[in-house]
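Read off the chains here:
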Amino acid sequence: LQASTRGTRFPFEYIRACSANTGSNRRNAPCHVQLHKVIRPRNSSRYPQSRVLCPASNRNMPADIGEPKFPRTQRTNGADRLERVMNAKQRMIGVDVEYLKKQVEEKKAEENASLESESKYLGLANMLDDRLVLLEQERREVQRKVNAECQAHWANEGQKHNRKEYDLSHPDLLKQETPARVGDNDPRLGLASMQTFRGEDLGAGERKKMQCAQQSSWWNQQVLEKQEREQQEREEDKDYMALNVAQAEQSHRVDAASEDVRRKMNLKANQINDQLAEQRAQKALTDKQEELNANNTDMYNTFNSALLAEHPATGIHAFDPYRRRPDHFKGLLPEEKQRILDYQAAQRDDMKARAEEERKENVAHAQYVEGVRKEQCRKAAELETFRREQRMAVTETLKKQQSEKGKRDSAMKDLYTNVPNSRYYEQFGTSHR
């Protein structure tokens, strides 16, 4: 007897085996319950047989009849086997439902405990994560303050002039140093200083002062000369400005006089221009009248001239009336024009006849093409009808074959299937086999 339960993660089945204790009170003895793991493939429908893995504790249990571990002398003990088979209690209560429910409840309790522990672990992890985030923020704040203090220290105490080695790169070091000799009585001057020598000019300072005083007097003298020169230049500029004013007044007077003369000349020129304009207008009227008279004369000569009017009589030869002068051709005669019109009418009739003939040929060709098209459509319809009849015949054949197959399968099922009767069920319990 077996009861299978599916696992949630692995495709295992469990078999609960029940074996009776050996002894005189074997019928009333409790069953030994043991769960065996059965390994099945994932597609158990294709591999119905299972392999049972019994734990090590089952090695001491009595083997069943027919197994290799069962003694050979007990394999043919039919009475004991019949007694076990006929024992209804041992056969019917093989599955301990209460124990299985207990196992299910224990499994659910374990799952709940696992979920609770997992939730506690997640809560602890979240708490630790929040704590680590706060610690990281505090660390960053402390680091920021340390960096700010370092920057302030560098800005206040780490300047270049506060360094010990600044004198090695000081740009004004030589300017700030004390001179090697302050005077003749400088206590720093020793025997090896080489700062005082024989023949040295000790009155250089006084002489320099005298030179400075002399330069100052020269400067004052140059300043006075420059002031006198500037005063003289100002007076010259004032005289020059007065001269410019006088020249401007004279220029205004000259401009006014010239403007008066120019106005008088313009007035006289305008009078002369008016006279010339009147003369030009009179001359234009005279010229226009003369041109009109000439045009009228030209038109009269043009209308009354046989040469300019291109009269047909000028194109006939003077000595032979049937000859034409090519150099004086002035058009065709009415008889010649009529012959040309008659010839053109004959050409139009001929073109109409050819067009009618071409139209008849096109109609005949169109009728032929239409007949060919209708014949092709008729043949296509016949071919489609033939194909439809063939498909219907194939469909009828398939339906007939399916009906025959159904009858054949029904006959095979009813003919070769044995239905158990009462004799089949009555033979159970009559023999140990």
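Conventions we followed
- Residues numbered from 1 in each chain as written.
- Predicted model: local features only at pLDDT ≥ 70, side-chain atom pairs only at ≥ 80, totals over all residues.
- Heavy atoms only, no water.
- Helix = DSSP H or I, 4+ residues; strand = E, 2+ residues; numbered from the N terminus.
- Buried < 20%, exposed > 50% of the residue type's maximum accessible area, 1.4 Å probe, protein only.
- Contact = heavy atoms within 4.5 Å.
- Patch = residues over 30% accessible without salt bridge, like charges linked within 9 Å, V, L, I, M, F, W, Y side chains within 5 Å.
- Areas by Shrake-Rupley, 256 points an atom, 1.4 Å probe, with all protein chains shown as cover.
- Salt bridge = Lys/Arg side-chain N within 4 Å of Asp/Glu carboxyl O.
- 1 Å grid on protein atoms, 1.4 Å probe; cavity = no way out; pocket = protein on both sides within 12 Å on 5 of 7 lines; lining within 4 Å.
- Points joined across faces, edges and corners; volume = space filled by probe spheres on them.
- Nonpolar A, V, L, I, M, F, W, Y, C, P; charged D, E, K, R; others polar.
- pLDDT = per-residue confidence, 0-100.

**Comments concerning the overall build of the protein**
Stage number 1. Counting its secondary structure elements, the protein contains eight helices and three strands.
Stage number 2. What you see in the protein, going N to C, is helices and strands ordered as β-β-β-α-α-α-α-α-α-α-α.
Stage number 3. Across the 433 residues that make up the protein, the buried fraction comes to 4%.
Stage number 4. In the protein, 25% of the contacts between residues at least 6 apart in sequence involve partners at least 24 apart.

**Side note on a nonpolar patch on the surface**
Stage number 1. Taken together, the side chains of Leu124, Met127 and Leu128 present a nonpolar region at the surface, about 270 Å² in accessible area.
Stage number 2. Here methionine 127 shows up in helix α3 (residues 97–157).

**Some thoughts on the pattern of salt bridges**
Stage number 1. Taken as a whole, this structure holds 14 salt bridges when the rule is applied.
Stage number 2. One salt bridge in this structure joins arginine 139 and glutamate 136, with 2.6 Å as the shortest N-O distance. Of this pair, arginine 139 and glutamate 136 both sit in helix α3, three residues apart, roughly one helical turn.
Stage number 3. You can call glutamate 136 partly exposed: its relative accessible area is 29%.

**What about empty space enclosed by the protein?**
Stage number 1. For the structure shown, the criterion picks out two cavities of 30 Å³ or more.
Stage number 2. Estimated volume of the largest cavity: approximately 50 Å³.
Stage number 3. Around the largest cavity, the lining residues are Pro312, Gly315, Ile316, Arg324, His328, Phe329, Lys330, Gly331 and Leu333.
Stage number 4. Along the lines of polarity and charge, the residues of the lining of the largest cavity split into four nonpolar, three polar and two charged.

**Quick word on the confidence of the model for the protein**
Stage number 1. On average, the protein scores 78 in pLDDT, and the residues at 70 or more come to 79%.
Stage number 2. Across the protein, helix α7 (residues 334–415) holds the top mean pLDDT of 92, while strand β1 (residues 12–19) sits lowest at 38.
Stage number 3. Confidence over residues 1–63 falls short of pLDDT 50; this stretch has 97 contacts with residues more than four positions distant or in other chains.

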